[in-house]
Amino acid sequence: MRHIISILLENEAGALSRVAGLFSARNYNIESLTVAPTEDPTMSRMTLVTSGSDATIEQIQKQLNKLIDVIKLTDLNEVRHIERELMLVKTRATGQLREEIKRLVDIFRGRIIDVTDTTYTIELTGSGKKLDAFLEALDSKAIIEVVRTGITGIARGENALKL
């Protein structure tokens with residue numbers, strides 16, 4: 001089963017490397033990873049997506065908690081949460097295809113953020129399923145390049161990953 005693990009860690013050189021090294025050393029897979037400083041510049045928030053049985057995820061959490069850089073962590077699958085992903089798509093956009101792509105972007109509530117005579121660059125946020133559906137709806141011959149951030153998430157309501 002897929003799990004979204006949210007980690008509060010020290011914002012120091014090597015912290016990301018130590019987390020990635022832990023996964024590598026134990027042959028666990030990281031499906032996606034996002035990390036950035038929090039409102040406190042001494043801490044970073046990492047959102048890591050991995051898959052495994054409940055026992056495997058429990059082992060991952062125990063190993064992460066042993067790392068000196070890790071302050072606190074939570075498995076977002078255990079609480080109500082919101083998850084999003086950002087995707088940028090560069091498409092060919094000439095002739096009739098321009099209008100078709102504009103309509104599709106509107107349907108999926110995306111934004112065209114760059115326009116040239118022959119291309120559009122589209123920004124889209126949402127669940128992974130929504131982004132996948134957008135790509136399936138596009139003519140594959142129109143796609144020039146796709147860039148995705150991976151999942152980031154936050155607990156709903158009063159739950160927060162804080163000290």
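So, a few notes on the structure that sits alongside this text.

Cut-offs and rules
Sequence positions are assigned chain by chain, starting from 1 and proceeding in written order. Owing to the predicted nature of the model, reporting of local features is limited to residues with pLDDT of at least 70; listing and counting of side-chain atom pairs is limited to 80 or more, with chain, interface and lining totals taken over all residues. Water and hydrogen atoms play no part in the side-chain values, which are based on all heavy atoms of the structure. Secondary structure is summarised from DSSP: a helix means a run of H or I of at least four residues, a strand means a run of E of at least two, and numbering begins at the N terminus for each. Partly exposed describes any residue whose relative accessible area lies between the buried limit of under 20% and the exposed limit of over 50%, with all areas from a 1.4 Å probe on protein chains only and scaled to the type maximum. In this description, accessible areas are obtained by the Shrake-Rupley approach with a 1.4 Å probe, and a residue is regarded as covered only by the protein chains that are shown. Take a side-chain nitrogen of Lys or Arg and a carboxyl oxygen of Asp or Glu: if they are within 4 Å of each other, that pair is a salt bridge.

Within the protein chain one finds four helices and nine strands. Projected onto the principal axes, the alpha-carbon positions of the protein chain cover approximately 55 × 35 × 30 Å. Looking at the protein chain residue by residue over its 163 residues, the buried ones come to 36%. Taken as a whole, the protein chain presents about 9,700 Å² of accessible surface, with 49% of it coming from carbon and sulfur.

Here we take up the pattern of salt bridges. Applying the stated criterion across every chain yields a total of nine salt bridges. Between Glu-145 and Lys-90 there is a salt bridge, with the nearest N and O atoms lying 3.9 Å from each other. Linking Glu-145 in strand β8 (residues 143–148) with Lys-90 in strand β5 (residues 81–92), this pair joins segments that are 55 residues apart in sequence. Note on Lys-90: relative accessible area 31%, which makes it partly exposed. One salt bridge connects Lys-102 with Glu-99, and the closest N-O pair in it is separated by 3.8 Å. In this pair, Lys-102 and Glu-99 both sit in helix α3 (residues 96–107), three residues apart, roughly one turn of the helix. What makes Lys-102 partly exposed here is its relative accessible area of 35%. Within the structure, one salt-bridge network assembled from shared partners comprises Glu-85, Asp-132 and Arg-148.

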